Amino acid sequence: MFCRSNGWVSVSLIALMALTRPAWSAQGATFGLDLPVQPLTSSLDALAAKSDLRLLYAADALRGLSAPALKGELAVAEALRHLLAGSGFEARANGDNTFVIVKAPAVSRLETVTVTATRTENRAFDLPASVSTVTRDQIDDLQAKDMSTVLRNIPGVGMGGSPREAAHLPTIRGYQGPDIILKVDGARRALDATVGSFSPLLLDPNFVKQVEVVRGPSSANHGGGGLGGVIAVQTIDPDDVLEPGQTMGGWIKTGYRTGDVSLMGNAVAAAQADGAGVVGGATVRNYHSISNGAGGQSLQDGTAKNGLLKLTYAPNEHHDLKLGYTRFFDGGLMPTNPSGNDQTTTGYQYVERTQDEFTGTWAFRNSDRSWLDGSVSGYHTEIKYDKQKRFGAANAAFGTDMTVNATTTGGAAQNTSRFATSGLDHRLTYGVDGYLDNLTNTSVGAPNGVNPDGDMLALGGFLQDEVRLARDWTVIATVRHDTYEAEANGQPGNSDDHLSPKLAVKWQAVPALGLFASYSQAFRAPTLSELYNTESRATSFSNFRPNPTLRPEISNVLELGATLSRNDLLRRDDSLKAKLTVFDEQVEDLINSKVVGTYAGGFRSIFQSQNVNNAHRWGGEFETEYRMDDWSLDAGYSRIRVKDKNTGENLFSPPDKITAGIGYYLDDFWTLRYAGSYVMPQDYDATILRRRDSHHVHDIGASYERDWYRLDLSVTNLFDYAYASYQQGLNTNYTYEEGRSFNLNLTARF
């Protein structure tokens, strides 16, 4: 009898004397199979009997799991992959003609398939680019309360602003706001500076399937704004909720956190039959003031109510249709600027953040995807910030009601064709896309005099060829043309166009080592706020001068990198993967806010957006992962420096960051985890008030999972460290991040 040292609740063993040892490869003997949709254990037992194979598994761990129908002549390895697909388990060879079914480790950031970097499917590790992903399993392991929790430990990605979710501002390689592209299910989010004091990450992590982060210029694939990179989010489909063969199901989840005294409830249900599917979900979360490591609190009090509904239909293997709707609502009391701390804030306001997003996609392909493999999509997103009257220390009302509405309507069409010429394999992708941003700002119901209403129209088309040269060389050449037009009421228009090229080459020098290099150019149009914000009163704390002649930012980037992949390094079946990317970037006409005058004896500044002729940016990212049996270890490092070449001043650049993670499957039910981040001091920024000390944060967690429920326990900021992030929304503030928090999640599946 086989038994693991930690003990199994029950063991099912099909043991027949084997005449030969089945090979763990597609080259092994094949067997005729005709298995219906049935419990996974029944299919495994049938396979074992048919192939003279010994299969060992914990029946308790597999209870409730279904296996898909399987028919045809298949090798053992292929049959096991099909039966275990989507189950969260894998088969491991254990001597002659024996396989053990064990819990599979979460798909690593480097192994996940991504479509964002090239708009075609590729493994993140294989691409000649700096790409990271976060999967649904990893989001569950993080017990993510918001999107900041999902992104914060990715190398080269920062999440600052303040501990309040409303102020979380993402950065990639030190770029933020309109210099990065944020997409959800293909829908582009408005990142105009008008809404820049509030987080654009209006999305519930309970509804997220996968997050892909591309670091570096991405204009050649995604249009203007991609100087820093792209954050692309995919929401869940019915297949992500249902087990193989299941027609109806879902989960109910509840969670509690002591850090912000928050209570969360989430429910998701899905159904599918005859090619049609539906998934819907709702989340309610109440939150309160955030305790920090310095013994203080960041005051807030509010409720979030979020929802998702998605319909899918695949009439045949050539077509897929999806219609989706997501809603985000958060209403609560917070400082007049959500980045503010409670020592310097003079007033509070009730803020409602609302987002409604509608998406639709039609994907099509021919039988072998040779000439047709594309999609047509459309979307409409409306973000609204409703800032209601504020209250001072004496609870006296002051200020005015204000609203900000940002709508984005857009669409895209693309296709991929595969063919060969003169012994070269081509994957040619081509398409067009565009969007219209509209900003409407009011103050006490009237047009806002500081932020005038306006529109931004952007259109573009691209062509990309992925060429395989022999077996060892890959070349990806991309070119894109974009045009934009911006206008605001009573102001002159601003328009321009740009051609963005990109060339990337990868050489697989030996099976274990790959080398790559790329050159790319990106551009970013000035935002409506940078062009047209205006305020000129001696009594105003901050004043703004419009600059409708701003030029778009242009970035030229050279990247070099290497990949390393080794198996059986320290012992059989272990694996090591590592990826290094370094870059050197020259930026022309960088848009920067300058003080161009003062009122009241130099106390009240007048700001204007101006182009900086030359800025130099350089740095890199490193990621590595090691897997051995039930252990997983990962680490990352990122570095960025930014300098004004004309003055020699160091500009905004997040500090060096080291991340580390450890995972251990104690048995088929218990998983233990550690995550740590180590941030070096930022003591070189020319803006002295932005400088920050070093800090380190440690998180530990454990999960217990059975067939129908899962329990997650964790402690974040284990040592209650008091620290303030570098990229906070107000230079004059020093707002401490959340301190130690005890967290509990309970999920029940049905």
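Residues numbered from 1 in each chain as written. Predicted model: local features only at pLDDT ≥ 70, side-chain atom pairs only at ≥ 80, totals over all residues. Heavy atoms only, no water.

Let's talk about the overall build of the chain
Counting its regular elements, the chain contains eight helices and 45 strands. A total of 750 residues make up the chain; the buried ones form 54% of that total. Of the contacts formed within the chain by residues at least 6 apart in sequence, a portion of 65% connects residues at least 24 apart. Taken as a whole, the chain presents about 31,000 Å² of accessible surface, with 57% of it coming from carbon and sulfur. (Helix = DSSP H or I, 4+ residues; strand = E, 2+ residues; numbered from the N terminus. Buried < 20%, exposed > 50% of the residue type's maximum accessible area, 1.4 Å probe, protein only. Contact = heavy atoms within 4.5 Å. Areas by Shrake-Rupley, 256 points an atom, 1.4 Å probe, with all protein chains shown as cover.)

A short note on helix 3 (residues 76–84)
Count 3.6 residues to each turn of an α-helix, and residues three or four apart come out pointing the same way. Listed as buried for helix 3 are Val76, Ala77, Ala79, Leu80, Leu83 and Leu84. Looking straight down helix 3, one finds its buried side chains confined to an arc of 165°; they lie on one side. (Arc of directions from axis to C-beta.)

Describing unusual backbone geometry
It is generally the case that most residues other than glycine have a negative phi and that most peptide bonds are trans. Even without glycine at this site, Gln143 takes up a positive phi of about 50°. Relative to the helices and strands, Gln143 resides in the loop between helix 4 (136–142) and helix 5 (147–151). Unusually for a residue other than glycine, Asp589 sits at a positive phi of about 60°. Along the chain, Asp589 falls in strand 38 (residues 575–599). Take Asp589: its relative accessible area is 15%, and that puts it in the buried class.

Observations concerning the side chain of Ser148
Relative to the helices and strands, Ser148 resides in helix 5. Those residues in contact with Ser148 that sit more than four places away from it in its chain are Met159 and His168.

Focus on a nonpolar patch on the surface
Side chains of Trp473, Trp507, Val510, Leu513, Leu515 and Leu564 sit close together on the surface and give an oily, nonpolar patch of about 480 Å² of accessible area. Those elements that provide at least two residues to the nonpolar patch are strand 34 (494–510) and strand 35 (513–524). If you trace the backbone, Leu564 turns up in strand 37 (residues 553–567). (Patch = residues over 30% accessible without salt bridge, like charges linked within 9 Å, V, L, I, M, F, W, Y side chains within 5 Å. Salt bridge = Lys/Arg side-chain N within 4 Å of Asp/Glu carboxyl O.)

Structural notes on the sheet that holds strand 18 (residues 229–235)
Taken in spatial order, the five strands make up an open sheet running 11-17-18-15-16, and their pairing is mixed. Each edge of the open sheet carries a strand with a single partner, namely strand 11 (130–135) and strand 16 (187–188). Relative to strand 18, strand 17 (residues 208–215) runs antiparallel, the two being bridged by seven bridges. Across the sheet, the residue bridging to Val211 is Val233, located in strand 18. (Pairing = 2+ DSSP bridges.)

Remarks on the side chain of Arg173
Mapped onto the fold, Arg173 is located in the loop between strand 13 (169–172) and strand 14 (175–176). In this structure Arg173 comes out as buried when scored by relative accessible area, which is 3%. Of note is the side chain of Arg173, whose polar atom sits 2.8 Å from the side chain of Glu621. Excluding residues within four positions of it along the chain, Arg173 makes contact with Ser130, Gly156, Arg215, Gly216, Pro217, Glu559, Thr581, Phe583, Arg617, Glu621 and Ile640. (Polar contact = N/O pair within 3.5 Å; in protein donor to acceptor, adjacent residues only side chain to side chain.)

Observations regarding the pairing of strand 13
Burial along strand 13 is two-sided: the face carrying Leu169 and Thr171 and the face carrying Pro170 and Ile172 are both buried. Pairing of strand 12 (residues 157–160) with strand 13 involves four bridges; the strand directions are antiparallel. Bridge pairing in strand 13 places Gly160 opposite Leu169. Bridging between strand 13 and strand 14 involves two bridges; their strand directions are antiparallel.

Description of the pattern of salt bridges
Enumeration over the complete set of coordinates arrives at 43 salt bridges. Ionic pairing is found between Arg365 and Asp320, a salt bridge with its closest N-O pair at 2.6 Å. Taken together, the positions of Arg365 in strand 26 (residues 347–365) and Asp320 in strand 25 (residues 319–335) put the pair 45 residues apart, joining distant regions of the chain. Here Asp320 falls in the partly exposed class, since its relative accessible area comes to 28%. A salt bridge links Arg617 to Glu585, with the nearest nitrogen and oxygen atoms 3.1 Å apart. Highlighted residues: Arg617 in strand 39 (residues 604–628) and Glu585 in strand 38, separated in sequence by 32 residues. The class of Glu585 is buried, set by a relative accessible area of 2%. Connected through shared salt-bridge partners, Asp141, Arg673, Glu705, Arg710, Asp712 and Arg749 make up one network.

Describing the nonpolar core
In this structure, Met147, Leu151, Val211, Val213, Ile231 and Val233 are the most contacted members of the largest nonpolar core, which totals 32 residues. Setting aside anything within four residues of it in sequence, one finds Val213 in contact with Ser130, Val131, Ser132, Leu151, Ile154, Val157, Ile172, Val230 and Ile231. Core analysis: the second largest hydrophobic core is formed by 28 residues, Leu33, Leu35, Leu40 and Ala67 among them. (Core = buried A, V, L, I, M, F, W, Y, C linked by side-chain atoms within 4.5 Å.)

Some points on the environment of Tyr350
Counting through the fold element by element, Tyr350 comes out in strand 26. Since its relative accessible area comes to 27%, Tyr350 is described here as partly exposed. Distance from Tyr350 to Lys387, taken between C-alpha atoms, is 6.1 Å for residues 37 residues apart in sequence.

Considering the pairing of strand 19 (residues 248–257)
When strand 19 meets strand 20 (residues 262–273), the two strands line up antiparallel, connected through 10 bridges. Pairing of Trp251 across the sheet is with Val268, part of strand 20. Joining the antiparallel neighbours strand 19 and strand 20 is a turn of four residues, in which Val261 adopts a positive phi near 50°. Note: strand 19 against strand 45 (residues 741–749), seven bridges, orientation antiparallel. Residue pairing for strand 45: Thr254 is matched across the bridge by Leu746.

Remarks on the packing of helix 1 (residues 40–51) against helix 3
Closest axis-to-axis distance for the helix 1/helix 3 pair is 11 Å, and the angle between their directions is 175°. In terms of axis orientation, helix 1 runs roughly antiparallel to helix 3. Together, Leu40, Ser43, Leu44, Leu47 and Ser51 of helix 1 and Val76, Ala79, Leu80, Leu83 and Leu84 of helix 3 make up the contact between the two elements. Of the residues that constitute the contact of helix 1 with helix 3, the class distribution is eight nonpolar, two polar and no charged. (Axes fitted to C-alpha atoms, helices over the stretch in contact; angles between N-to-C directions. Parallel < 35°, antiparallel > 145°, perpendicular 65-115°, else oblique. Nonpolar A, V, L, I, M, F, W, Y, C, P; charged D, E, K, R; others polar.)

With respect to the packing of aromatic side chains
Applying the stated criterion to the full structure yields 11 aromatic pairs. Their ring planes at 5° and their centres at 5.7 Å tell us that Trp371 and Phe419 sit as a pair that is stacked. Here the residue Trp371 occupies a position in the loop between strand 26 and strand 27 (373–392), and Phe419 occupies one in strand 29 (residues 402–421), the gap between them amounting to 48 residues. Phe419 sits in the partly exposed class, given a relative accessible area of 27%. Seen in terms of ring centroids, Trp473 and Trp507 are 5.5 Å apart; in terms of plane orientation they differ by 15°. Their pairing is stacked. Here the residue Trp473 occupies a position in strand 33 (residues 473–488), and Trp507 occupies one in strand 34, the gap between them amounting to 34 residues. When its relative accessible area of 38% is taken as the criterion, Trp473 is described as partly exposed. Looking at Trp507, the relative accessible area reads 33%, which means it is partly exposed. In textbook terms, an aromatic cluster arises when at least three aromatic residues are bridged by ring pairs, as seen for Phe669, Trp670, Tyr704, Trp708 and Tyr709. Positioned over the ring face of Phe125 is Lys577, at 5.7 Å from the centre of the ring. The ring centre of Tyr175 lies 3.7 Å from the NZ or CZ of Arg617, which sits over that ring. (Phe/Tyr/Trp six-rings, centres within 6.5 Å; stacked < 30°, edge-to-face > 60°. Lys NZ or Arg CZ within 6 Å of the ring centre and 35° of its normal.)

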